[in-house]
Amino acid sequence: MATAVETLSKLERRITLSFPLADVQAEVEKRLKVRARTVKAPGFRTGKVPMKMVAAQYGYQVESEVLNDKIGQSFSEAVTESNLRVAGYPDIQPKSGDAAVEGTVAFDATFEVYPEVVIGDLSGVDVEKTQSAVSDAEIDKTVDILRKQRVHYHVKGEQSAHGDGGGDLTAKNGDRVTIDFVGKIDGVEFQGGKADAYPFVLGEGRMLPEFEAAVVGLKVGEAKTFPLPFPADYHGKDVAGKTAEFTVTLKQIEWPHMPEVDAEFAKSLGIEDGDLGKMREDIKKNLEREVSSRVKAKTKDSVMDALIKICELEVPKALIDQDVERLAEMTRQDMAQRGMNSKEIELPKELFKAQAERRVRLGLILAEVVKQNKLEATPEQVKAQVEDFAQSYEDPQQVLKYYFSDRSRLAEVEALVLEENVVNYVLGKSKVTEKSVAFDELMGNNAQA
């Protein structure tokens with residue numbers, strides 16, 4: 001039996017659920033008898049264990065199961081009858097003292113309901129629609145990046161198929177050097193401060209700046225001794241903040257040769273006939289796909305910010321708490337994948353609360369916009385989105401199979417389509433300002449990495 005719904009605040013509600021104690025006990029006895037058929041105990045055959053022993057061993061567990069089932073069923077019936085949409089999980093607490101009725105067992109179920117979402121006037125909203133273009137300059141930069149990724153090295157001063165690297169036989173930025181080095185602090189070698197035949201590329205920042213600067217200008221066979229102060233925040237705690245004296249000996253210098261932009265280079269990028277025009281067109285398509293994704297993301301952010309400003313609702317705390325836990329777990333998994341022991345690192349809930357509150361708020365707003373304006377994702381839209389994903393892979397058919405063979409994966413695509421439908425709807429109703437963004441700015445300067 002459930003009492004009338006009690007309103008505690010704008011979203012919080014409470015219902016008292018009660019059951020005759022005799023009904024609970026009868027169900028417990030019934031389940032214990034069923035369980036007794038398979039219970040084993042020393043000195044007794046299976047199914048012949050005395051009921052007192054069965055009750056002593058399993059009584060508490062079975063009683064908990066019975067109460068959970070009755071509470072769940074009664075709560076579900078009560079909220080359905082009252083036409084309530086429960087947000088999150090109810091907090092169930094037993095009633096006691098004067099509130100308890102003799103011969104019954106009673107619980108208070110306190111919970112939140114979904115809020116009313118009031119969508120404001122979109123016609124007065126300012127939204128930025130980001131635009132960016134891919135020019136020949138961006139294609140040229142990408143070609144240079146691809147060349148650098150395929151760089152190979154030749155010993156400086158020795159003749160090879162690509163020359164000898166020129167007449168300068170000293171080490172300079174871009175060269176790959178092989179060195180012996182030993183470091184001492186107060187005249188004593190320290191762990192990790194010594195290596196033989198150690199290779200690295202000058203100018204890539206793999207070593208401390210002072211270390212690389214000491215190697216630049218050396219010739220093969222030359223040695224140099226120099227002081228090197230370790231930063232206070234250096235990852236090696238034993239040497240952090242201290243000054244070491246290093247001696248480096250240069251063993252080998254190799255100069256970099258980047259491949260020429262020719263048919264062989266195009267073939268290495270998957271252009272079977274080596275056509276450079278096709279190569280550039282392929283690069284352009286990939287860049288345009290990435291640009292399209294990023295400008296859509298920026299425009300979507302502007303739309304979402306606008307919706308948050310004009311929509312009125314109170315966000316259920318239960319949903320925020322659930323999303324905080326979800327974000328924390330995602331962070332732990334990411335840390336584990338990076339080789340970090342996330343179990344030893346405390347993740348305060350406050351770190352995720354603002355992000356969780358925004359995510360939940362937007363989720364409620366988007367659901368209401370979709371519902372009011374019938375913006376549900378159509379099968380055709382979902383298929384088109386999956387096909388678009390597939391274009392960036394070598395085997396598009398495998399990608400299609402990957403998504404369409406799993407309903408949960410398709411649900412993720414449907415969510416993306418829903419968001420895009422909402423974005424397009426808001427753009428059609430609001431005051432849109434087109435904003436051009438330079439390619440490098442849009443890509444976060446990744447194009448020059």
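Check the entry above for the structure.
Presented here is a report on the structure given in the accompanying data block. (Residues numbered from 1 in each chain as written. Predicted model: local features only at pLDDT ≥ 70, side-chain atom pairs only at ≥ 80, totals over all residues. Heavy atoms only, no water.)

## Some points on the packing of helix H8 (residues 350-373) against helix H11 (residues 407-429)
Turning to step 1, where the next piece is worked out: Remark: H8 packs on H11, axes separated minimally by 10 Å, with the N-to-C direction vectors making an angle of 70 degrees. By the angle class used here, H8 and H11 are roughly perpendicular. Between H8 and H11, the contacting residues are Leu366, Val369, Val370 and Asn373 on the first element and Leu418, Glu419, Val422 and Tyr425 on the second.
Turning to step 2, where the next piece is worked out: Split by residue class, the contact of H8 with H11 holds 6 nonpolar, 1 polar and 1 charged. (Axes fitted to C-alpha atoms, helices over the stretch in contact; angles between N-to-C directions. Helix = DSSP H or I, 4+ residues; strand = E, 2+ residues; numbered from the N terminus. Parallel < 35°, antiparallel > 145°, perpendicular 65-115°, else oblique. Contact = heavy atoms within 4.5 Å. Nonpolar A, V, L, I, M, F, W, Y, C, P; charged D, E, K, R; others polar.)

## Some words on unusual backbone geometry
Turning to step 1, where the next piece is worked out: Its identity is not glycine, yet Asp186 carries a phi of approximately 55 degrees, on the positive side.
Turning to step 2, where the next piece is worked out: A relative accessible area of 78% places Asp186 in the exposed class. (Buried < 20%, exposed > 50% of the residue type's maximum accessible area, 1.4 Å probe, protein only.)

## Quick look at the layout of surface pockets
Turning to step 1, where the next piece is worked out: By volume, the largest pocket amounts to about 1,100 Å³.
Turning to step 2, where the next piece is worked out: Taken together, 38 residues line the largest pocket, and the ones lying closest to its centre are Arg289, Glu290, Ser292, Ser293 and Arg294.
Turning to step 3, where the next piece is worked out: Taken together, the elements giving at least two residues each to the lining of the largest pocket come down to strand S5 (126-131), helix H3 (136-149), helix H6 (276-310), helix H9 (379-390) and H11.
Turning to step 4, where the next piece is worked out: The dominant element in the lining of the largest pocket, judged by the number of residues it contributes, is H6, at 15 residues.
Turning to step 5, where the next piece is worked out: Taken together, the residues that form the lining of the largest pocket break down as 16 nonpolar, 11 polar and 11 charged.
Turning to step 6, where the next piece is worked out: What the second largest pocket holds in volume is close to 440 Å³. (1 Å grid on protein atoms, 1.4 Å probe; cavity = no way out; pocket = protein on both sides within 12 Å on 5 of 7 lines; lining within 4 Å. Points joined across faces, edges and corners; volume = space filled by probe spheres on them.)

## Looking at the pattern of salt bridges
Turning to step 1, where the next piece is worked out: Scanning the model with the defined rule gives 27 salt bridges in all.
Turning to step 2, where the next piece is worked out: Asp180 is the salt-bridge partner of Lys251, the closest N and O atoms lying 3.0 Å from each other. Of the two residues, Lys251 is situated in strand S10 (residues 243-257) and Asp180 in strand S7 (residues 176-185); the sequence distance between them amounts to 71 residues.
Turning to step 3, where the next piece is worked out: Residue Lys251 is classed as partly exposed on the basis of its relative accessible area, which comes to 44%.
Turning to step 4, where the next piece is worked out: Close ionic contact of Asp406 with Arg409 constitutes a salt bridge, the shortest N to O distance being 3.7 Å.
Turning to step 5, where the next piece is worked out: Taking the relative accessible area as the measure of exposure, Arg409 reaches 24% and is therefore partly exposed. (Salt bridge = Lys/Arg side-chain N within 4 Å of Asp/Glu carboxyl O.)

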